[in-house]
Amino acid sequence: RFIAKPCAINLGIQDSGPHRAQPNAILEKVFTSITKSPDGKRLEGLSKQLDWDVRKIQRWFRHRRNQDKPTTLTKFCESMWRFTFYLSIFFYGLRFLWTAPWFWDTRQCWYNYPFQPLTSRLYYYYILELAFYWSLMFSQFTDIKRKDFLIMFVHHLATIGLITFSYMNNMVRVGSLVLCLHDASDFLLEAAKLANYAKYQRLCDAFFMLFGVVFIVTRLGIYPFWILNTTLFESWELIGPYPSWWLFNGLLITLQILHIIWSYLIIRTAYKALVRGKVSKDDRSDVESSSEEEDVTSNSTKGVFSTSSNGSNRINGHVASGQWTEE
């Protein structure tokens with residue numbers, strides 16, 4: 001309210017939403033009581049009842065669906081909040097992990113386990129991360145439902161389960177490594193969204209490409225060869241197959257599967273960017289064009305990020321979609 005909104009206004013972002021639908025009592029009743037996306041048979045019936053062209057009625061329903069969507073200003077403010085959190089928590093975690101012995105030698109995560117002290121900095125790191133991911137979990141049900149809803153729901157469940165489970169079992173050392181690794185790319189995605197909302201297309205594309213590189217390196221390189229290696233093999237070697245070993249590693253492997261899916265989507269978007277000369281439009285877009293002409297205009301002026309909101313993301317967001325993702 002006091003920081004993000006003034007920044008958005010200074011960047012020329014207006015607090016205006018999509019085109020509003022023409023008031024019509026009959027169509028409004030159908031929209032609110034029956035369906036928001038009428039089929040062909042119902043469209044023909046409405047066309048006869050109102051003496052409207054079917055295409056005009058379709059356009060009305062598109063506008064009516066879009067007018068409930070948040071404005072670009074609202075989405076800018078949400079992304080700026082997530083950008084601020086991700087950036088702050090990443091450097092907070094990196095700062096104290098840099099001097100932690102287990103950051104450089106993952107075997108230190110298991111020496112003298114479970115009798116390892118919990119420092120105040122590590123405690124607050126965990127509490128902040130857990131609170132944030134719970135907020136993403138709750139907000140996902142109140143934000144616009146998007147194509148990656150199920151993937152993000154599974155991701156939030158796995159993340160909350162891992163944070164809670166590792167804290168209860170005093171696996172905070174390896175847990176802190178997982179959290180820091182995941183935060184490394186999230187703020188870059190939010191930065192790309194901010195650039196897109198401000199209509200800085202080149203900056204948006206640059207941030208997205210950087211995000212893609214960092215995401216793939218951390219999630220497909222460092223995560224399996226650093227994190228999964230110590231939880232699957234080093235822990236087994238040093239402390240043996242403890243009772244919760246299967247559950248803990250099962251949740252970590254679930255995250256890795258999601259990483260592979262998202263990495264594929266990011267690579268596909270990057271490929272299309274090279275072919276088209278810019279990053280393509282987000283497949284998750286929840287704002288629909290009211291005509292073919294609007295679709296053409298939309299595709300020629302928008303970059304990687306649609307004008308839809310991720311609440312989170314998150315991607316909350318986290319991240320993620322049919323084209324690109326936010327963790």
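Please refer to the structure placed before this passage.
Residues numbered from 1 in each chain as written. Predicted model: local features only at pLDDT ≥ 70, side-chain atom pairs only at ≥ 80, totals over all residues. Heavy atoms only, no water.

Visitor: How should I be thinking about empty space enclosed by the protein in this particular structure?
Guide: Approximately 140 Å³ is the volume attributed to the largest cavity. As for the largest cavity, its lining consists of 16 residues, and the residues nearest its centre are Leu162, Ile163, Gly175, Val178 and Leu179. Looking at the lining of the largest cavity, the elements that each hand over two or more residues are helix H7 (120-139), helix H8 (149-168), helix H9 (172-197) and helix H11 (245-276). Residue contributions to the lining of the largest cavity peak at six residues, all from H9. Its residues assigned to classes, the lining of the largest cavity comprises ten nonpolar, four polar and two charged. (1 Å grid on protein atoms, 1.4 Å probe; cavity = no way out; pocket = protein on both sides within 12 Å on 5 of 7 lines; lining within 4 Å. Points joined across faces, edges and corners; volume = space filled by probe spheres on them. Helix = DSSP H or I, 4+ residues; strand = E, 2+ residues; numbered from the N terminus. Nonpolar A, V, L, I, M, F, W, Y, C, P; charged D, E, K, R; others polar.)

Visitor: What should I look at first to understand the environment of aspartate 105 in this one?
Guide: On the secondary structure map, aspartate 105 appears in the loop between helix H6 (101-104) and H7. Assessed through its relative accessible area of 31%, aspartate 105 is described here as partly exposed. Distance from aspartate 105 to tryptophan 226, taken between C-alpha atoms, is 9.8 Å for residues 121 residues apart in sequence. (Buried < 20%, exposed > 50% of the residue type's maximum accessible area, 1.4 Å probe, protein only.)

Visitor: Sorry, what's going on with the packing of aromatic side chains here?
Guide: Here the distance between the centres and the angle between the planes together describe a pair of aromatic rings. Enumeration over the complete set of coordinates arrives at 28 aromatic pairs. On the basis of an interplanar angle of 70° and a centroid distance of 6.0 Å, the ring pair of tryptophan 110 and tyrosine 113 is categorised as edge-to-face. When sorted by exposure, tryptophan 110 lands in the same class as tyrosine 113, which is buried. A network of ring pairs unites the aromatic residues Trp81, Phe85, Tyr86, Phe132 and Tyr133 as a single cluster. The ring of tryptophan 52 is capped by lysine 56, whose NZ or CZ atom sits 4.3 Å from the centre of that ring. (Phe/Tyr/Trp six-rings, centres within 6.5 Å; stacked < 30°, edge-to-face > 60°. Lys NZ or Arg CZ within 6 Å of the ring centre and 35° of its normal.)

Visitor: Would you mind going over the packing of H7 against H8 with me for this structure?
Guide: Helices that pack against each other are described as a pair by the angle of their axes relative to one another and the distance between those axes. For the pair H7 and H8, the least separation of the axes is 10 Å and the interaxial angle reads 155°. Between H7 and H8, the angle is such that the two are roughly antiparallel. The element H7 and its partner H8 pack so that their crossing is left-handed. Between H7 and H8, the residues in contact are Tyr123, Tyr126, Glu129, Leu130, Tyr133, Trp134, Leu136 and Met137 and Phe153, His155, His156, Leu157, Thr159, Ile160, Ile163, Thr164, Ser166 and Tyr167, respectively. Residue composition of the contact of H7 with H8, grouped by class: twelve nonpolar, five polar and one charged. (Axes fitted to C-alpha atoms, helices over the stretch in contact; angles between N-to-C directions. Parallel < 35°, antiparallel > 145°, perpendicular 65-115°, else oblique. Left-handed = near helix turned anticlockwise from the far one by under 90°. Contact = heavy atoms within 4.5 Å.)

Visitor: Looking at this model, I keep getting lost on the environment of phenylalanine 85. Mind explaining?
Guide: Locating phenylalanine 85 in the fold gives a position in helix H5 (residues 72-97). The class for phenylalanine 85 is buried, based on a relative accessible area of 11%. Sequence separation of phenylalanine 85 and phenylalanine 132 is 47 residues, and the distance between their C-alpha atoms is 8.8 Å.

Visitor: Would you mind showing me how to read a nonpolar patch on the surface here?
Guide: Together, Leu118, Tyr123, Tyr124, Ile127, Leu128, Tyr167 and Met168 give the surface a local cluster of nonpolar side chains, amounting to about 680 Å² of exposed area. Sorting the residues of the nonpolar patch by element identifies H7 and H8 as the ones contributing at least two each. With four residues, the top contributor of residues to the nonpolar patch is H7. Relative to the elements of secondary structure, tyrosine 124 occurs in helix H7. (Patch = residues over 30% accessible without salt bridge, like charges linked within 9 Å, V, L, I, M, F, W, Y side chains within 5 Å. Areas by Shrake-Rupley, 256 points an atom, 1.4 Å probe, with all protein chains shown as cover. Salt bridge = Lys/Arg side-chain N within 4 Å of Asp/Glu carboxyl O.)

Visitor: What's the story with the nonpolar core in this structure? I'm lost.
Guide: Side chains that are nonpolar tend, in soluble globular proteins, to be buried together. Core analysis: the biggest nonpolar cluster contains 56 residues, and Leu97, Tyr223 and Phe248 have the highest contact counts within it. Counting residues per element, this core draws most heavily on H9, which supplies twelve residues. Apart from the residues within four sequence positions on either side, phenylalanine 248 is in contact with Trp110, Leu162, Phe165, Ser166, Met171, Val174, Thr231 and Tyr242. By size, the runner-up hydrophobic cluster in this structure holds eleven residues, among which are Val30, Phe31, Leu43 and Ile57. (Core = buried A, V, L, I, M, F, W, Y, C linked by side-chain atoms within 4.5 Å.)

Visitor: Explain the pattern of salt bridges to me, please; I cannot follow it from the model alone.
Guide: For side chains bearing opposite charge, pairing can occur when the charged atoms are close. Under the counting rule described, the total for this entry stands at four salt bridges. With a closest N to O distance of 3.6 Å, arginine 219 and aspartate 186 form a salt bridge. Of this pair, arginine 219 sits in helix H10 (residues 201-239) while aspartate 186 sits in helix H9; the two residues are 33 residues apart in sequence, bridging distant segments of the chain. For the residue pair arginine 219 and aspartate 186, the accessibility class agrees, reading buried in each case. Among the ionic pairs, glutamate 190 bridges to lysine 193, the shortest N-O distance being 3.7 Å. Of the two residues, glutamate 190 and lysine 193 are both situated in helix H9; the distance of three residues between them amounts to about one turn of the helix. By sharing partners, the salt bridges in this structure join Arg82, Glu190 and Lys193 into a single network.

Visitor: How do you make sense of the packing of H8 against H11 when you look at a structure like this?
Guide: Interhelical geometry of H8 versus H11 gives an angle of 145° and a closest axis separation of 10 Å. Where H8 crosses over H11, the handedness of that crossing is left-handed. Residue-level inspection shows Ile151, Met152, Val154, His155, Ala158, Thr159, Gly161, Leu162, Phe165 and Ser166 of H8 in contact with H11, the latter providing Leu247, Phe248, Leu251, Leu252, Thr254, Leu255, Leu258, Ile261 and Trp262. Partitioning the contact of H8 with H11 into residue classes produces 14 nonpolar, five polar and no charged.

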